[in-house]
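Letter by letter, the chains look like this.
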Amino acid sequence: MTMSVGTVYLVGSGPGDPDLMTVKAARLLETADVVLHDKLPGPEILERIPEEKREDVGKRAGGEWTPQEYTNRRLVELAREGKTVVRLKGGDPFVFGRGGEEMEHLAAADIPFEVVPGITSAIAGPGTAGIPVTHRDHASSVSFVTGHEDPTKEESAVDWDALAATGGTLVVLMGVGKLPDYTAALREAGMDPETPVALVERATWPEMRVATGTLDTIVSVRDETEIEPPAITVIGEVAGTRENVVEFLRNRTGAFEDESATQEADE
């Protein structure tokens, strides 16, 4: 008897708050045989998945990362065993989540798959912090870039000169470590050093923190506040609009209740 092939679901879990998962994502986590995940979905979401169903394909002991080739191979193996597999990613699978690579690998192996989009942290992170990525008075465009490119590339595929000239909002994901490099590149390309910048760490998680500064000061702000990954960098006039709503968010909605965790580094 030939075993039927299972289906792989490439699922976006959203920015980390379980309430921001889609209904379909939550249902699949309940019904899947196996969930391959990294750390980005966040602890509250991962804790909802029975331990016997979870396989961590993110960071391992000793600081090593699971090779993408292993994850690709494992998805195929499990599906060929007839299992329903969820490949769980933070945010959306196709926003710097390597979902495209996994989709191509599954298609080449003739494995049925389905994409389940998620709310990307590139929009939800700034929004939760009180920063709109577009605003009629400040920004009519937004660009999303990665601050952590493939290290095997001979040169960066990100044109910081062009981005400095767009005049819109720039959102950098996975860019905490490279912050000094690209802020310097943007200043050298002519962006105003006084351009507002915000760092949003662990957006929508209970430990969420926000630090603000300018293109000229944000590296010092990062160091003083000890902002760590995962965090989003928002560069542009919209980052300065946060001051108009942050007190309301703190006092009326319960956001940023821990003042020590949300200390504004530019005050």
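Refer to the structure above for everything that follows.
These numbers come from a predicted model, not from an experiment.

(A) Quick look at the sheet that holds strand β5 (residues 113-116). Judged by pairing direction, the sheet is parallel, and its 5 strands sit side by side in the order β3-β2-β4-β1-β5 without closing on themselves. Every interior strand has two partners, whereas the edge strands, β3 (54-56) and β5, have only one. Across this sheet, the average inter-strand angle for adjacent strands is 20°, counted without regard to direction.

(B) Molecular detail of the pattern of salt bridges. Summed over the entire model, instances satisfying the criterion amount to 12 salt bridges. Put simply, Lys 89 and Glu 102 hold a salt bridge, and the shortest N to O gap is 3.0 Å. Taken together, the positions of Lys 89 in strand β4 (residues 85-89) and Glu 102 in helix α4 (residues 99-108) put the pair 13 residues apart, joining distant regions of the chain. The burial state of Lys 89 is the same as that of Glu 102; both residues are buried. We note a salt bridge from Glu 101 to Arg 98, for which the minimum N-O separation is 2.9 Å.

(C) Region of interest: the packing of helix α3 (residues 68-80) against α4. In the contact formed by α3 and α4, the axes pass within 10 Å of each other and the chain directions differ by 45°. When the interaxial angle is binned, α3 and α4 end up oblique. Considering the relative orientation of α3 and α4, their crossing is right-handed. In this structure, α3 uses Gln 68, Thr 71, Asn 72, Arg 73, Leu 75 and Val 76 to contact α4, whose residues at the interface are Glu 101, Glu 102, His 105 and Leu 106. Looking at the contact of α3 with α4, its residues break down into 3 nonpolar, 4 polar and 3 charged.

Basis of the calculations
- Residues numbered from 1 in each chain as written.
- Predicted model: local features only at pLDDT ≥ 70, side-chain atom pairs only at ≥ 80, totals over all residues.
- Heavy atoms only, no water.
- Pairing = 2+ DSSP bridges.
- Helix = DSSP H or I, 4+ residues; strand = E, 2+ residues; numbered from the N terminus.
- Axes fitted to C-alpha atoms, helices over the stretch in contact; angles between N-to-C directions.
- Salt bridge = Lys/Arg side-chain N within 4 Å of Asp/Glu carboxyl O.
- Buried < 20%, exposed > 50% of the residue type's maximum accessible area, 1.4 Å probe, protein only.
- Parallel < 35°, antiparallel > 145°, perpendicular 65-115°, else oblique.
- Left-handed = near helix turned anticlockwise from the far one by under 90°.
- Contact = heavy atoms within 4.5 Å.
- Nonpolar A, V, L, I, M, F, W, Y, C, P; charged D, E, K, R; others polar.

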